[in-house]
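# Survey of secondary and tertiary structure
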Amino acid sequence: MYTGKPIKRLYDDKFVNGKSTYVDDIQISAYYAGFVRSPYAHALIKSIDVSDALKVQGIVAVFTAKDLEVKEGIGIWTTYEDPKLWKFVKRKPLADKKVRYAGEPVAIVIGTDKYSVRDAIDKVNVDYERLPAIVKMEDSLEDKVIIHEELKTNVAFDQTYSAGNLENAFKNADKVIPVEITNNRLIPSPMEPRGIIARYEGGFLTVWYSTQVPHTARSEFSRIFGIPSSKIRVIMPDVGGAFGSKVNILPEDISVIASAIKLGRPVRWTATRSEEMLASEARHNTFKGEIAVSREGRLLGIRGDLLVDLGAYLTYTAPLQPAIIPLMIPGPYKVRDIHIRSRAVYTNTPPITMYRGASRPEATFIIERIMSIIADELKLDDVRVREVNMVRTDEMPYTNPFGLKYDSGDYLGLLREGLKALKYYQLKGWAEEERKKGRKIGVGMAFYLEISGFGPWEFGEVRVSETGDVLIITGGTPHGQGTETAIAQIVADTLQIDINRVKVVWGDTEIVAASMGTYGSRTASAAASAALVAAKEVLEKMKRTAAKILNVDVEEVAYSNGEFSAGGKKVSWDEVAASSYASNEPGIYAQVTLSGDVTFPYGVHVAVVEVDDYGIIKVIDYKAYDDIGVVINPALAEGQIHGGATQAVGQATLEEAIINDDGQLVVTYADYFIPTAVETPKFESHFVEKPHPSAYPTGAKGVGEAALIVGPAVIVRAIEDATGKRFNKTPVRPEDVI
Ligand code: MCN
């Protein structure tokens, strides 16, 4: 059995040996592209003069908005495409007549080498007339300056999520507490920046693309360019991380494809680090309101306003946030009376995309801060407050006030066991003693309920070759998680063959029949399950061929470890495979598209921090106790906790995409601090599986986002314990703690 074991990742040699192939490594004769970007956050484009740029040796073309024709602009995630809910314009490849954020692409420069392109970018003369920039969400609400004139307002989304009897809740409250909680603007920062190569030949478009969603990209390209998707191939080479940001389709990508079509020659672009910082900013929202609580710490009601920053344009993935954050704010707690007005506004800042957890970290930070605020205000214990409010096991399945059905969960049981296993109370006691000696040590905890495995379906194909080796073609699109190894484990177990005889491929629209992709911690549940079901079908087919060889009825055939047997006769897996190919019905394979519901992982995490005399916050320990269903590969799952928790250290103590009053992003990677090995804590990770109705046959729930969903709340609580101060926004900086 491979499932449940920490099997080493199957395809890491190339990464370790520098032999991987990212988009930028692909050898193809192509022109290089680069972008002229707006220096202003809000301005009219009076004129663009490209003549000097065209004189630079090696420059082939400079295109502006008028040159690049697309049938339609970039849309939004189809699930959210409701014109009644959203006010937006489909974004065109280049800014036309007006720029709406500093860094917005205004022209694409194309040349035979990237150095000439870089030189020519500076020679494109754009005459701007500056307009007042709206940088703060609150200012945008006033609509004094409108960012998209045709929409007549900056408010793109305005919905109220209301349930229960709020008046009663506040009337019966022993205490009403005001709250204001902010999730800061972040930059996902994958190691590989964005990259694309587009080739258009003979009416066929081929795109090599650093993406998480090749099939979705193909549909979008088809819609945007009016080319049938049968004539588009999207290939996802090795992808060096994405963290949700590469679900998004950028105007730069569309400009590159449009240029390749226009020129009839392949065009390539790899974002620089600074371009990547502008391309994928994420989060940034504030919840402001009040909560009603009882003397025992019961949360009776929540009312308030959620304000979400969209940046200058509605991106493909941004609609999730204002729509999902309110639904997830109740979390694992029984609060029934809630009224949240959720608004999303345009600002003259880089557009917001999706980042690990997309909306669940925000909701978790809000509700976990609320739990800690209740504890502080009523002088109760953090754990006690959560215990009082948690949904009980006998209330499962539980439908939250907004209709979200939690299928299962033993929140209270996990909380108690988890804190014991993580030695929370011992650590609390130790920290108190250390503080008496003068050290600023703190211990914090927080709980989370996540929704993962967004679907609704995924694809899997299993083929057996004439030698008996197995090819898995998965709709999952792993880009760092190692989920391909987990999928191989599941299939090798189902077929009872050596895992080294299994190969997993993904990410090419002409190889994979269908795919939704990897995001929302769904691959171990959805994609691995589709492969599992396909493997079972393949085994049945192998049994049928074995029955013919053995001259028995298929029901008589037993299979164990590479051998089919019936009535004392035997035939091996390899012989059956070979025989199938020698017959008139060659080939044993199965294709499966599997639908399933979302899953609800949950857990409790604990952090230990120390603050020094200069206010530098060091997260010393980060400990996790999670129910993620069946753990397919504990090493991979643990790796996800480590990665997510490291990003949580960044969000809680270091990272912020700071934009000044002029709308300029004023950080680079010199001062947008991503945690390095030095800032990374010591990890401890436990997995526990509580009974749950498996939404998918693997029985796995997602773990890919868990630690970044809960981590910021855990670490902030630990900093509060260390310093005695209160923080309702991140990052907590040295100047905040001393
Ligand atoms: N796993 C497991 N048992 C489970 C659940 C998961 O063994 N019960 C393992 C899986 O085999 C896989 C990993 O844990 O190796 C994550 O699986 P899953 O939770 O299904 O998540 P996905 O594979 O769908 O990955 C998506 C998730 C998301 S949404 C973001 S964002 C993210 C993340 O993964 N981005 C990442 N982790 C990342 N890791 C890397 N290195 N790079 C990114 O861009």
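Keep in mind that this is a model prediction, so the values were computed, not measured.

Residues in close proximity to the ligand total 32 residues, the closest being Ala-242, Thr-523, Val-630, Gln-640 and Val-703. In the model, an oxygen atom of the ligand is placed 2.8 Å from a nitrogen or oxygen of the Phe-243 main chain. At 2.7 Å from an oxygen atom of the ligand is found a main-chain nitrogen or oxygen belonging to Val-703. Protein chains bury 95% of the 840 Å² of accessible surface belonging to the ligand in isolation. Contributing elements (two or more residues each) for the shell around the ligand: helix H14 (483–495), helix H15 (523–550) and helix H17 (634–654). Sorting elements by how many residues they give to the shell around the ligand places H17 first, with 3 residues.

Enumeration over the complete set of coordinates arrives at 59 salt bridges. Residue Arg-233 is joined to Glu-510 by a salt bridge in which the shortest nitrogen-to-oxygen separation is 3.8 Å. Taken together, the residues span a long stretch of sequence, with Arg-233 in strand E11 (residues 232–235) and Glu-510 in the loop between strand E22 (502–505) and H15 at a distance of 277 residues. Among the salt bridges present, the one from Glu-656 reaches Arg-733, with a minimum N-O distance of 3.1 Å. Separated by 77 residues along the polypeptide, Glu-656 in the loop between H17 and strand E29 (682–687) and Arg-733 in the loop between helix H18 (706–723) and helix H19 (734–737) bring together distant segments of the chain.

What follows is about helix H6 (residues 214–225). A rise of 1.5 Å per residue sets the reference length of H6, with its 12 residues, at 16 Å; its end C-alpha atoms lie 16 Å apart and thus fit the reference within 8%. For H6, a buried count of 10 out of 12 residues is recorded, marking the element as mostly surrounded by other parts of the structure. Within the sequence span of H6, burial applies to Pro-214, His-215, Thr-216, Ala-217, Arg-218, Glu-220, Phe-221, Ser-222, Ile-224 and Phe-225. Trailing H6 by a residue or two, Gly-226 shows a phi angle of about 70°, which is positive.

Residue Pro-397 follows Met-396 across a cis peptide bond; omega there is -10°. Looking at the secondary structure, you find Pro-397 in the loop between helix H11 (382–389) and strand E17 (398–399). Here the amide bond leading from Thr-730 into Pro-731 is cis, since omega sits at -5°, within 30 degrees of zero. Among the secondary structure elements, Pro-731 is positioned in the loop between H18 and H19. With phi around 65°, Arg-283 is a residue other than glycine that occupies positive phi space. Looking at the element boundaries, Arg-283 is found in strand E13 (residues 281–293). With a relative accessible area of 1%, Arg-283 lands in the buried category. Its identity as a non-glycine residue notwithstanding, Ser-359 has a phi of 95°, on the positive side. Mapped onto the fold, Ser-359 is located in the loop between strand E16 (352–353) and helix H10 (360–378).

Where H15 contacts helix H16 (residues 573–582), the axes come no closer than 9 Å and their chain directions differ by 85°. In terms of axis orientation, H15 runs roughly perpendicular to H16. Listed contacts from H16 to Leu-539, Met-542, Thr-545, Ala-546 and Ile-549 of H15 are Trp-573, Glu-575, Val-576, Ala-577, Ser-579 and Ser-580.

Our focus in this paragraph is the pairing of strand E25 (residues 569–572). Both strand E24 (residues 563–566) and E25 contribute to a ladder of 4 bridges, which runs antiparallel. By the bridge assignment, Ser-565 is partnered in E25 with Lys-570. Connecting E24 to the next strand, E25, in antiparallel fashion are 2 residues, including Gly-567 with a positive phi near 50°.

Strand order in the open sheet formed by 7 strands is E3-E5-E1-E12-E9-E10-E11, and the pairing between neighbours is mixed. Only two strands of the sheet have a single neighbouring strand rather than two, namely strand E3 (59–64) and E11. Direction aside, neighbouring strands of the sheet carry axes that sit 20° apart on average. In the sheet, strand E10 (residues 204–209) pairs with E11 via 4 bridges, with the strands oriented parallel. Residue pairing across strands places Leu-205 opposite Ile-232, the latter belonging to E11. This element, helix H3 (residues 114–121), spans strand E1 (31–37), E3 and strand E5 (105–111) of the sheet and lies at about 20° to E1. Here helix H7 (residues 251–263) sits on the sheet in contact with E1, E3, E5, strand E9 (195–201), E10 and strand E12 (267–270), set at roughly 25° to E9.

Rules used throughout
- Residues numbered from 1 in each chain as written.
- Predicted model: local features only at pLDDT ≥ 70, side-chain atom pairs only at ≥ 80, totals over all residues.
- Heavy atoms only, no water.
- Near = heavy atom within 4 Å.
- Polar contact = N/O pair within 3.5 Å; in protein donor to acceptor, adjacent residues only side chain to side chain.
- Areas by Shrake-Rupley, 256 points an atom, 1.4 Å probe, with all protein chains shown as cover.
- Helix = DSSP H or I, 4+ residues; strand = E, 2+ residues; numbered from the N terminus.
- Salt bridge = Lys/Arg side-chain N within 4 Å of Asp/Glu carboxyl O.
- Expected span 1.5 Å × (residues − 1).
- Buried < 20%, exposed > 50% of the residue type's maximum accessible area, 1.4 Å probe, protein only.
- Axes fitted to C-alpha atoms, helices over the stretch in contact; angles between N-to-C directions.
- Parallel < 35°, antiparallel > 145°, perpendicular 65-115°, else oblique.
- Contact = heavy atoms within 4.5 Å.
- Pairing = 2+ DSSP bridges.

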